[in-house]
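The chain contents come next:
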Amino acid sequence: FLPLPAKAVSAQKAILLDANTGRVLYEKDPDSRSPIASTTKIMTLLLGLESGIGLEDEVTIPAEAGDVPEGSSVVPVKPGDVMSFADLLYGFMLSSGNDGANAVAVLVDGGIDAFVDHMNRRAGQIGCTGTHYVNAHGYHNAEHYTNAQDLALISLEAMKNPDFRRIVAAPKWTMT
């Protein structure tokens, strides 16, 4: 562990891992449950990229994209819109669009519930023991949570994907 004084990290919970080895370098309450919020979209993007849908493939935005809580952030995408999968992925990540996350869920697994099951299975495969998803976007729900340890594991797994790294590093994206 890094010899940091307790006040050096103001967050209530934190973890720092070596990206190459996964070795814990610093931790502060890494296992306690927290709301996951829009960091949910890390898993949504990862599953989108692992789905086999090509970035250049044209997709049609499903009706479920519009089924987001009032006040949600949006890409915006509308049911029936046709765009490349890349446009959808960049759009929902750059704007934290809950509508886009729902669209990814339906395009990847045929429905939001099936996608949420997929998210929970994939989290288990990564080694997460304190994460439970109930939606693809992260809008608050008491049963939608993670911890610092699991979020670090999910992030390490996602960063192995070069398309993931490109998308999350993009400062902007022009939809075609």
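Just above, that's the structure.
Attention in this report is confined to the structure presented alongside it. (Residues numbered from 1 in each chain as written. Predicted model: local features only at pLDDT ≥ 70, side-chain atom pairs only at ≥ 80, totals over all residues. Heavy atoms only, no water.)

Tracing the backbone through its elements, the reader meets Ser10 in the segment before strand 1 (14-17). Linking Ser10 and Asp81, residues 71 residues apart in sequence, is a C-alpha distance of 43 Å. (Helix = DSSP H or I, 4+ residues; strand = E, 2+ residues; numbered from the N terminus.)

Ranked by internal contacts, the top residues of the largest apolar core, which has 39 residues, are Met43, Leu88, Leu89 and Tyr133. Setting aside residues up to four positions removed in sequence, Met43 forms contacts with Met119, Arg122, Ala123, Ile126, Tyr133 and Ile154. (Core = buried A, V, L, I, M, F, W, Y, C linked by side-chain atoms within 4.5 Å. Buried < 20%, exposed > 50% of the residue type's maximum accessible area, 1.4 Å probe, protein only. Contact = heavy atoms within 4.5 Å.)

Tallying each qualifying case throughout the model produces one aromatic pair. A cation over a ring is seen here: Arg33 above Tyr145, with NZ or CZ 3.6 Å from the ring centre. (Phe/Tyr/Trp six-rings, centres within 6.5 Å; stacked < 30°, edge-to-face > 60°. Lys NZ or Arg CZ within 6 Å of the ring centre and 35° of its normal.)

Our focus in this paragraph is the pairing of strand 1. When strand 1 meets strand 2 (residues 24-28), the two strands line up antiparallel, connected through four bridges. Across the sheet, Leu17 pairs through a bridge with Val24, a residue of strand 2. (Pairing = 2+ DSSP bridges.)

Bringing the environment of Val74 into the picture now. Its location among the elements puts Val74 in the loop between strand 4 (58-60) and strand 5 (82-84). For Val74 and Val108, which are 34 residues apart along the polypeptide, the C-alpha to C-alpha distance reads 19 Å. Excluding its chain neighbours within four sequence positions, the residues that come into contact with Val74 are Ser95, Gly97, Asn98 and Asp99.

Let's shift gears to the packing of helix 1 (residues 40-50) against helix 5 (residues 148-159). In contact at an axis separation of 10 Å, helix 1 and helix 5 are set at 30° when each is read in the N-to-C sense. Taken together, the axis directions place helix 1 and helix 5 in an arrangement best described as roughly parallel. Handedness of the crossing formed by helix 1 with helix 5: left-handed. Between helix 1 and helix 5, the contacting residues are Ile42, Met43 and Leu46 on the first element and Leu151, Ile154, Ser155, Glu157 and Ala158 on the second. (Axes fitted to C-alpha atoms, helices over the stretch in contact; angles between N-to-C directions. Parallel < 35°, antiparallel > 145°, perpendicular 65-115°, else oblique. Left-handed = near helix turned anticlockwise from the far one by under 90°.)

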